[in-house]
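Chain residues, written in single-letter form:
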2 protein chains.
Amino acid sequence: MDSDAHAPDPSWWGRPNRNQSRSTLTREAIVTAALAVFDQVGLEGLSMRRVAEALGTGAASLYWHVADKEQLIHLLLDRAMGEIELPEPDPERWEEQLREFAHAGRAMFGRHRDLALASLGRVPMGPNLVRLTEWLLAVLHGAGIPSRPAAWFGDVFALVGAAQAVEDHLATTGDMSEFTAMGEYLAALPPDRFPNIAKASPELVAGSADDRFEFTLELLLLGLASYIKAEPR
Amino acid sequence: MDSDAHAPDPSWWGRPNRNQSRSTLTREAIVTAALAVFDQVGLEGLSMRRVAEALGTGAASLYWHVADKEQLIHLLLDRAMGEIELPEPDPERWEEQLREFAHAGRAMFGRHRDLALASLGRVPMGPNLVRLTEWLLAVLHGAGIPSRPAAWFGDVFALVGAAQAVEDHLATTGDMSEFTAMGEYLAALPPDRFPNIAKASPELVAGSADDRFEFTLELLLLGLASYIKAEPR
DNA sequence: ACCTGAACACCGTTCAAGT
DNA sequence: ACCTGAACACCGTTCAAGT
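Each chain has its residues counted from 1, following the order in which its sequence is written. The naming scheme follows written order: chains are lettered A onward, ligands numbered 1 onward. The predicted origin of the model limits local features to residues at a pLDDT of at least 70 and limits the giving and counting of side-chain atom pairs to 80 or more, whereas totals for whole chains, interfaces and linings rest on all residues. With hydrogens and water set aside, each side-chain value is computed from the structure's full complement of heavy atoms.

(A) Main features of the packing of aromatic side chains. Between 30 and 60 degrees the pair is tilted, below 30 it is stacked and above 60 it is edge-to-face, where a pair is any two Phe, Tyr or Trp rings, Trp via its six-membered ring, whose centres lie within 6.5 Å. Taken as a whole and judged by the stated rule, the model has 8 aromatic pairs over all chains. With a centroid separation of 5.2 Å and 35° between ring planes, the pair formed by F101 of chain A and W135 of chain A is classed as tilted. Taken together, the residues span a long stretch of sequence, with F101 of chain A in helix 5 (residues 94-111) and W135 of chain A in helix 7 (residues 127-142) at a distance of 34 residues. With respect to burial, F101 of chain A and W135 of chain A carry one shared label: buried. Geometrically, the ring pair formed by F215 of chain A and W152 of chain B is edge-to-face, given 5.6 Å between the ring centres and 75° between the ring planes. One end of the pair, F215 of chain A, is in helix 11 (residues 209-230); the other, W152 of chain B, is in helix 8 (residues 147-172), on a second chain. Grouping residues by exposure puts F215 of chain A and W152 of chain B together as buried. An aromatic cluster is built from F101, W135, F153 and F157 of chain A, whose rings are joined through pairwise contacts. Taking NZ or CZ as reference, R106 of chain A lies 4.6 Å from the ring centre of F213 of chain A, over its face. A run of H or I in DSSP becomes a helix once it reaches four residues, and a run of E becomes a strand once it reaches two; helices and strands are each numbered from the N terminus. Buried residues are those whose accessible area, probed at 1.4 Å on protein chains only, stays under 20% of the maximum for their type, while exposed residues exceed 50% and partly exposed ones sit between those limits. We call a charge positioned above a ring when the Lys NZ or Arg CZ atom is no farther than 6 Å from the ring centre and deviates by at most 35 degrees from the ring normal.

The following block contains the structure:
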C-alpha cells in the first residue's frame, strides 16, 4: 500500500467564491467596513484595529490602502456625503431647493449618529463634496447670487448644518440627556443675579429639534436674502 | 568619631516656599496646567499623563480632583471663556455690541489655537458660559428681541463663532495649508463638468480670514434683524 | 482626605519578513 | 504588489496600597 497516493479533492471541496469571499482588501471595502463600525460604536470607538477586525485581518494591513486613520475618516465622510441625492437645480425655486438640501443633509447625518461631529473641523473635500458644492453653487448662481457670497454662504451653510445635527444628536442621546440636565442647572440659577437667563430659561432648552432646525435655516436664508439686497454686486 | 552625628541642615537648604512650590494638587491648578499643555500640543496631544507630568505627578493623581478627561476639557473650556471681558450691556448699541462680542470671542479662540475645535460638539456650560449667556440675553432682550429667538440665536451665534475660529486656524496652519491645497484641487477640476465651481473657484478659497469672518457675522445679524421683523411676537 | 505605582485593556503606526 | 506579526511608544482609567 502506498500512503503517498492521495485521491484528488472532490469538486465540492473547492473554496466558495475563490476570489471573492476571501475578499481581497480594497480601499472601498475598508471604507465600507469603517462606516459600519463607525455607525455602531461612534467616533470615539472607531479604531483601525476594530475596522481591521471587521474585515478579518490585522490593523497593519489597512495601511497599504489608506495613509492614516485621519484619511480614513475623510474617506468615510465623503462616502456618507454620497448618500445625499440632489434634484436638478431649478433657479426658480432656489430658496425651496436650499431648504430641501438642508433637510436631506440633516437626514443623512441622522442616519450616521456621530458623523456630524466627525465632520466639524474637517473639510472632507472629495468627489462627493465637490458634487454637492457644484450643485449648491448652481442653485445660488442660478438665483442671481454672485460668486463671492455664494461661495462663502456655502461654507456657513454646511457648517451650521453639521453643527445643528450634532445638537440633534445631543438632544436625543440616552437616558437623561445633557440637554435636560443643562436646563435644570440654568433654571436653578439665582434669578436676581441672572435675570435674563431666568426670563429665557425655558426657551434656552425647550423647543423641539425640528423647531430649532427650522429657526436656524430661516435665519440663514433671511440673512442671505438681506445680504444680497444690501450688496448686490 | 560618631558617624551618627549629623550637623543640622543649614537654613539655605530649606525647600523654597514650603507649602506652595510643592504645591498641593488643586482642581484650579490642574485646569491651569491642562490649558498650558493644550496650548502647546493641541487637542490631539492633550493627555492626562502629560498634564500630570506638567504638575510633577502621575496621571492617577488627577482623578481625585477631576472625573474624566472629558470633564477636564469642559473645565478648560470654561476657564478660557473667562478671558472674554464684557462691557455693560447697552440696549441702544445692541448690534454694535454683538459685533464687539464676536470679535472678543474670536480673539480668545485665536489665543488658544485648538480651543475652538474642542468646543465644537461640546456645550461647556459652567460659570463663565452662564455669564456670557446672561450678557448676550441682556443685550438681545434690551433690544426688544423676544426670548425664543434670543435664546436660539445665542446658540447659533456661539456655534458659528467657534466654527469660524476653526477655519481661521485651518487657514493659517503650518507649511502649505490644507486650504490652499484644496484651492488647487478645485481649480484643477474639469470646467465643463463643474462649471459653477470653475466660475467660483477663486472665491471658494480666497478672501482673508477677516473678510470671511465679517461676512458671516453680517449674515447672522441681517438674518436676526429680518427674523425679528418677520416674527415680532 | 489625598496621593501613588502598577496594572489593565486598549490605542496608531512602523517595519522586517513573508507570499 | 500586497499582507502579516510583532513591536514601539503611547493612551484613559482603576485599584489596592500607602500617608
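Next comes the rest of the write-up.
(B) Quick peek at the protein's contact with DNA strand C. Around DNA strand C, the surrounding shell holds 18 residues, and the nearest of these are R49 and Y63 of chain A together with T57, S61 and H65 of chain B. Counted by atom, the contact set of DNA strand C within 4 Å of the protein is 57% sugar and phosphate. Whenever two N or O atoms come within 3.5 Å, that pair is a polar contact, provided that in protein one can donate a hydrogen and the other can accept it, and provided that, for residues adjacent in sequence, both atoms are side-chain atoms. With respect to DNA strand C, the backbone of L25 of chain B contributes an N or O atom lying 3.1 Å from a phosphate oxygen. If you list the elements that add at least two residues to the surface near DNA strand C, you get helix 2 (48-54) and helix 3 (59-62) of chain A together with helix 3 (59-62) of chain B. With 3 residues, helix 2 of chain A is the single largest residue contributor to the surface near DNA strand C. Gly is put with the polar residues, along with every residue not named as nonpolar or charged; the nonpolar set is Ala, Val, Leu, Ile, Met, Phe, Trp, Tyr, Cys and Pro, and the charged set is Asp, Glu, Lys and Arg. Broken down by class, the residue content of the surface near DNA strand C amounts to 8 nonpolar, 4 polar and 6 charged. Any residue with a non-hydrogen atom lying within 4 Å of a molecule or strand is treated as near it.

(C) Structural view of the pattern of salt bridges. Any carboxyl oxygen of Asp or Glu within 4 Å of a side-chain nitrogen of Lys or Arg constitutes a salt bridge here. The tally for this structure, following the rule as stated, stands at 24 salt bridges over all chains. For E167 of chain A, the salt bridge goes to R212 of chain A, with nearest N and O atoms at 3.6 Å. Of this pair, E167 of chain A sits in helix 8 (residues 147-172) while R212 of chain A sits in helix 11; the two residues are 45 residues apart in sequence, bridging distant segments of the chain. Like R212 of chain A, E167 of chain A is buried. Across the pair D210 of chain B and R106 of chain B runs a salt bridge, and its minimum N-O distance is 3.0 Å.

Any functional reading would require information that these geometric values do not contain.
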